[in-house]
Amino acid sequence: MAESVELPSRLAILPFRNKVLLPGAIIRIRCTSPTSVKLVEQELWQREEKGMIGILPVRDAAEVKPVGPTMSQGLDSLDQSSKLQGGSSDSHKLDAKNQNDVVHWHNRGVAARALHLSRGVEKPSGRVTYIVVLEGLCRFSVQELSTRGTYHTARISSLEMTKTEMEQVEQDPDFIMLSRQFKATAMELISLLEQKQKTGGRTKVLLETVPVHKLADIFVASFEISFEEQLSMLDSVDPKVRLSKATELVDRHLQSIRVAEKISQKVEGQLSKSQKEFLLRQQMRAIKEELGDDDDDEDDLEALERKMESAGMPQNIWKHSHRELRRLKKMQPQQPGYSSSRAYLELLADLPWQKASKEIELDLRAAQERLDRDHYGLVKVKQRIIEYLAVRKLKPDARGPVLCFVGPPGVGKTSLASSIASALGRKFVRISLGGVKDEADIRGHRRTYIGSMPGRLIDGLKRVAVCNPVMLLDEIDKTGSDIRGDPASALLEVLDPEQNKTFNDHYLNVPFDLSKVIFVATANRAQPIPPPLLDRMEVIELPGYTAEEKLSIAMRHLIPRVLEQHGLSSEFLQIPEGMVKLVIHRYTREAGVRNLERNLASLARAAAVRVAEQEQFVPLNKGMEGLATPLLENRLVDGAEVEMEVIPMGVNNQDISNTFRITSPLVVDEAMLEKVLGPPKFDGREAEQRVATPGVSVGLVWTSFGGEVQFVEATAMVGKGELHLTGQLGDVIKESAQIALTWVRTRAADLRLAATEGINLLEGRDVHIHFPAGAVPKDGPSAGVTLVTALVSLFSQKRMRSDTAMTGEMTLRGLVLPVGGIKDKILAAHRYGIRRVILPEKNLKDLAEVPSSVLNNLEIHLAKRMEDVLEQAFEGGCPWRQHSKL
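Please read all numbers here as calculations on a predicted model, not as lab measurements. (Residues numbered from 1 in each chain as written. Predicted model: local features only at pLDDT ≥ 70, side-chain atom pairs only at ≥ 80, totals over all residues. Heavy atoms only, no water.)

Q: When you look at the pairing of strand β20 (residues 696–703) in this model, what are you seeing that I'm missing?
A: Residues in a regular strand project their side chains so that they alternate between the two faces of the sheet. Pairing between β20 and strand β21 (residues 706–718): eight bridges, direction antiparallel. Paired with V701 across the two strands is E708, which belongs to β21. The turn joining β20 and β21, which pair antiparallel and follow one another in sequence, is formed by two residues. (Pairing = 2+ DSSP bridges. Helix = DSSP H or I, 4+ residues; strand = E, 2+ residues; numbered from the N terminus.)

Next up, the structure:
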């Protein structure tokens, strides 16, 4: 280790964030960013002799005011976490964080030389990296900071004393006394470490050979001290001040080791052979005693007992829980059942046995206004909710029915339940049952199992902390069953007012009263719900919205919400009513409004891009007077994580103000619709194009997403008289196709599909019937009349009317039977642009549920027999009726 180092007048600068490299310390760094790689390559790698660079500490501007003069500069935010050992190599890791943070450059640093260099290439990116081992040499002071390419350089002056000056200091009595004190303290520390770790030989050699003022830096570099203390040590140019601070730090480290040794000895004195398993617990207790904190588990158990006493449990449950608490107090925390018993008691203490929400006085008018404000349309549904609230007002403890909202997605089922909770002034909790197949999700796991938990109902009550919330059982039609049980059967007890007073969760193993909970369920379909469970609920159907209702919902609710979610307002984006109509008719065909909201959000995002791309005003950064050179213009754009990287110079991003200048709002037109949403997905001529050839008919079907229009295609070909069915069909719809073909064959002569009776329509040919959208499963009897119409059109080579759709089940004798989902089917026909609908005669009563605005735009025809359907399905009536015997 040289006594003096000759420094050049200018050094390349490698900044360290919140870390200091002291003279005599050795550090290993890995450089991966382009700027740090460039510095190492030019200043160290390409030089034949050992290169030298400067290490300069930097700190965040938000931290404590630094010691001595500093310089402000924008740079990459780096975080260091390393342990430096004097005289040895250790890894030094830096993680890239936010770039262009405001930092202060310290005016003093340490010159360092490279002891080892290695170059590598990362695969598959091909990025060059360097691993550098640096040794701190001597302190220097920064006179001027400038840039060279992408990294910094500085004009420096050495802060080290000359040999003559150092000899004079060594003769100073104060320095001699400090040296002896430092060496004595350091020797005591080394001896203590040697006893514990069996090391210290090399360190003793350092004490005898290295000058004491350099030894102080080496010792301090090996300690984990704060950044402020590191800077203070770096600024200690006077050897006496440096020795004094080093002695204080070494003594502090020595005292911390002695305290740890004292705790260890105290613990070992209390242990016996039978107590070895409590080693960690005893150490924790000894540490708390040293800190003056004598709290232990007994205090926690006393707090738990007080919490249980104030929980308001019924007497029989309190006896059970108190017995469990006494058993817990006798257990040691290390025993296997301790944690599970404690978790069980904490759950009992947290449950709201008596705590209830204070219901506000019901104001039916205010509730009606809230429902009208939050939900457009749904007149009958809102009327039923008002009736429900009126009964609750007259008899608060009435056991009302469990409401089950059934309807397609996006029609507001969940928000209706939330409105009920708001009107009653109760807390709202949602329990999702979609995909639940385990009965334990409802009733909980028995505590004998590892990882047992209470059921979702008990857990939901714990979360809301009241015993009378409004609990939404969402997607109740999507529960399944397997070998683990049937959740739907477990819900029978929950939804029965006569049984849920003593609901027994397997985890609690004590009865809990659910009678105060108001249950509301939602489902897309009522068919999958088991009949006993469905019998416990009052089903309220929510049909899809008409185009007029969707338009009102979009203008009142969706557009304001979309603009708010995207940080916009009417000053930036305006969507006229006519454009909303185009979106509804050309880009969405759904029962709800979710796809409509997604399309409106796409328009809002397009407007947000335009707003964000407006001209920005960026002021120059101030407070840079400490720099003698201009700022570096380029910024670091490498986003990869790095262990060490050079700090680029830039502008303080906290001082940048972005000003958007909008000359006029963006008004959506048809051109923008096609640009953002693409070509129209639907048009009013689809039905006309699909039925352009004979053998195609238009039917109406019902799905979990609402009503849909279903085309049926039939064709004939040379074959053996077989019937082929495709389109992922169920057994019921396949049987309907067989019935339809049989009826057409028996009526072939009457319908003039064959010249005389007895002629086989399928002689020498096969019939293929296909239901398009083959990826969608289809089943049900309501396509019977549609199948007959398609076959009659095929054999007669006459096209069906393109403005007509139909639904209905048919019998082998030609009777048309009623079907379900009439309201949703008619709404689907209205959305599709259908003008005429053929329905079974017995479905006339269902038309009362259809909005009058829809019925005014449709022509409804009722059919009692299949012949009535054929009369209305073809243009000009049935042309063969006058010749038939029908």
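Still more to cover.
Q: Teacher, can you tell me more about the pattern of salt bridges here?
A: Applying the stated criterion across every chain yields a total of 34 salt bridges. The partner of R108 in a salt bridge is D235, and the shortest N-O contact between them spans 3.8 Å. You can see R108 sitting in strand β8 (residues 108–121) and its partner D235 sitting in the loop between α6 (227–234) and α7 (239–270), a full 127 residues away along the chain. In this structure, E439 and R443 form a salt bridge, with 3.2 Å as the shortest nitrogen-oxygen distance. (Salt bridge = Lys/Arg side-chain N within 4 Å of Asp/Glu carboxyl O.)

Q: Can you walk me through helix α14 (residues 413–424) in this structure?
A: Note on helix geometry: an α-helix contains 3.6 residues per turn, so any two residues three or four positions apart are oriented the same way. Between its first and last C-alpha, α14 extends 17 Å over 12 residues, near the 16 Å set by a 1.5 Å rise per residue. Inspection of α14 places K413, L416, A417, S419, I420, A421, A423 and L424 among the buried residues, and these make up the whole buried set. Against the buried residues of α14 lie α12 (364–374), α13 (379–394), β11 (402–406), β12 (428–432), β13 (470–474) and β16 (518–523). Two residues or fewer past α14, G425 is found with a positive phi of approximately 70°. (Expected span 1.5 Å × (residues − 1). Buried < 20%, exposed > 50% of the residue type's maximum accessible area, 1.4 Å probe, protein only. Contact = heavy atoms within 4.5 Å.)

Q: I would appreciate a short explanation of the sheet that holds β12 in the present structure.
A: Adjacent strands of a sheet form backbone hydrogen bonds with each other and so pair up, either parallel or antiparallel. Taking strand neighbours across the sheet as the criterion, the five strands line up as β12-β13-β16-β11-β17 in an open arrangement whose pairing is parallel. Both edges of this open sheet fall to β12 and β17 (537–541), since each of them pairs with a single strand only. Put simply, the sheet's adjacent strands are angled 25° from each other on average, direction ignored. Note that β11 and β17 share five bridges and pair parallel. Bridge assignment links C404 to a residue of β17, and that residue is V539. (Axes fitted to C-alpha atoms, helices over the stretch in contact; angles between N-to-C directions.)

Q: Where do I start with the packing of helix α25 (residues 784–796) against helix α28 (residues 866–873) in this structure?
A: Helices that pack against each other are described as a pair by the angle of their axes relative to one another and the distance between those axes. Look at α25 against α28: their axes get within 10 Å of each other, and the N-to-C directions meet at 60°. Comparing the axis directions of α25 and α28 gives the class oblique. Once α25 is placed against α28, the crossing between them reads as right-handed. For the pair formed by α25 and α28, the contact residues are V785, V788, T789 and V792 on the first element and M866, V869, L870 and A873 on the second. (Parallel < 35°, antiparallel > 145°, perpendicular 65-115°, else oblique. Left-handed = near helix turned anticlockwise from the far one by under 90°.)

Q: Even after reading the chapter, I still don't get unusual backbone geometry, so can you show me in this structure?
A: Negative phi values dominate among residues other than glycine, just as trans dominates among peptide bonds. Of note, the phi angle at N509 is positive, near 60°, even though the residue is not glycine. Since its relative accessible area comes to 51%, N509 is described here as exposed.

Q: Got a minute to help me understand the packing of helix α21 (residues 594–612) against helix α22 (residues 670–677) in this structure?
A: Between α21 and α22, the least distance of the axes is 10 Å, while the angle of their chain directions is 100°. It follows from the interaxial angle that α21 and α22 lie roughly perpendicular. Judged by residue contacts, N599, S602, L603 and A606 of α21 engage M672, L673, V676 and L677 from α22. Of the residues that constitute the contact of α21 with α22, the class distribution is six nonpolar, two polar and no charged. (Nonpolar A, V, L, I, M, F, W, Y, C, P; charged D, E, K, R; others polar.)

Q: Hey, could you run me through the packing of aromatic side chains in this one?
A: To describe a pair of aromatic rings, one takes the distance between the centres and the angle between the planes. The full count for this structure, using the stated rule, is five aromatic pairs. Taking 4.9 Å as the distance between ring centres and 50° as the angle between the ring planes, the aromatic pair formed by W353 and F512 counts as tilted. Taken together, the residues W353 in the loop between α11 (338–350) and α12 and F512 in strand β15 (residues 511–512) connect sequence positions 159 residues apart. By relative accessible area, which is 9% here, W353 ends up buried. Accessibility expressed as a relative area gives 2% for F512, which makes it buried. Positioned above the aromatic ring of Y344, the side-chain terminus of R447 is 3.7 Å from the ring centre. (Phe/Tyr/Trp six-rings, centres within 6.5 Å; stacked < 30°, edge-to-face > 60°. Lys NZ or Arg CZ within 6 Å of the ring centre and 35° of its normal.)

Q: Explanation requested: the nonpolar core in the structure shown.
A: What tends to happen in soluble globular proteins is that the nonpolar side chains get buried as a cluster. V744, I769, L791 and F795 are the most contacted members of the largest nonpolar core, which has 59 residues in total. It is α25 that provides the largest number of residues to this core, a total of eight residues. Filtering out sequence-adjacent residues up to four positions away, V744 remains in contact with L753, L761, V788, L791, V792 and F795. (Core = buried A, V, L, I, M, F, W, Y, C linked by side-chain atoms within 4.5 Å.)

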